[in-house]
Amino acid sequence: QVQVVESGGGLVQPGGSLRLSCVASGTTFRSNAMNWYRQAPGKQREWAASITSDGYTNYADSVKGRFTISRDNAKNTGYLQIINLKPEDTAVYYCNLRAVNGARYWGQGTQVTVSS
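Residues numbered from 1 in each chain as written. Predicted model: local features only at pLDDT ≥ 70, side-chain atom pairs only at ≥ 80, totals over all residues. Heavy atoms only, no water.

1. Quick look at the overall build of the chain
To be explicit about the condition: Only DSSP runs of H or I with at least four residues qualify as helices, and only runs of E with at least two residues qualify as strands; both kinds are numbered from the N terminus onward. To get the radius of gyration, use the C-alpha atoms; to get the globule rule, take the number of residues to the power 0.38 and multiply by 2.2 Å. Three exposure classes are used, based on accessible area relative to the maximum for each residue type with a 1.4 Å probe and protein chains only: buried under 20%, partly exposed in between, and exposed over 50%. Here, residues are in contact when the closest pair of their heavy atoms is within 4.5 Å.
The helix and strand tally for the chain stands at zero helices and 11 strands. For a compact globule of 116 residues, the expected C-alpha radius of gyration is about 13 Å, and the chain comes in at 13 Å, within 12% of that figure. Across the 116 residues that make up the chain, the buried fraction comes to 43%. Taking as baseline every contact in the chain between residues at least 6 positions apart, the subset at least 24 positions apart corresponds to 54%.

Okay, here's the thing in structure tokens:
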């Protein structure tokens, strides 16, 4: 059974930073592409960043320059580093894994709140 668990969210002041983690089990993590999505209150879930199994990254225009996605295959863990947080970054952040066979796995999300 595949499990995806996010952590690292919290309450942060504007301009602060966070590193979100995504730990996977029950899957060959190194073969999976990984995505981070976010869902702000009252809005649809939106894609923020992705990293392929080979380490190629891509970002939504709205987060370029402030978000950095990375992975440590030895630890079955992915990361999303966020700097210069803004109130509009307030959302639940979800990790999504895409297996080679196309199957997708979601975590339960981690809340990020940016407020002074």
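Having seen it, we continue.
2. Digging into the pairing of strand β3 (residues 18–25)
Basically, it comes down to this: Here, a strand pair is defined by DSSP locating no fewer than two bridges between the strands.
Relative to β3, strand β1 (residues 3–7) is paired through five bridges, and the arrangement is antiparallel. The partner of glutamate 6 across the bridge, within β3, is cysteine 22. The pairing of β3 with strand β8 (residues 77–82) spans six bridges and is antiparallel. Bridging from a neighbouring strand, cysteine 22 pairs with glycine 78 of β8.

3. A short note on the packing of aromatic side chains
Stated formally: Put simply, two rings from Phe, Tyr or Trp (the six-membered ring, in Trp's case) pair if the centres are within 6.5 Å, and we call them stacked under 30 degrees between planes, edge-to-face over 60, tilted for the rest. Charges are assigned to positions over rings by a cutoff of 6 Å between ring centre and Lys NZ or Arg CZ, combined with an angular limit of 35 degrees from the ring normal.
Here the structure, examined in full by the defined rule, presents three aromatic pairs. Ring plane angle 55° and centroid distance 4.9 Å describe the contact between tyrosine 37 and tryptophan 106, whose orientation is recorded as tilted. Residue tyrosine 37 is located in strand β4 (residues 33–39), and its partner tryptophan 106 is located in strand β10 (residues 104–106); the two are separated by 69 residues in the primary sequence. Note on tyrosine 37: relative accessible area 17%, which makes it buried. A relative accessible area of 37% means that tryptophan 106 is categorised as partly exposed. The interplanar angle of 45° and the centroid separation of 6.4 Å between the aromatic rings of phenylalanine 67 and tyrosine 93 together place this pair among those described as tilted. With a gap of 26 residues between them, phenylalanine 67 in strand β7 (residues 67–72) and tyrosine 93 in strand β9 (residues 91–98) connect regions that are remote in the sequence. Taking the relative accessible area as the measure of exposure, phenylalanine 67 reaches 3% and is therefore buried. Given the relative accessible area of 0%, tyrosine 93 is considered buried. Here the basic side chain of arginine 45 rests over the ring of tryptophan 106, its NZ or CZ set 4.7 Å away from the ring centre.

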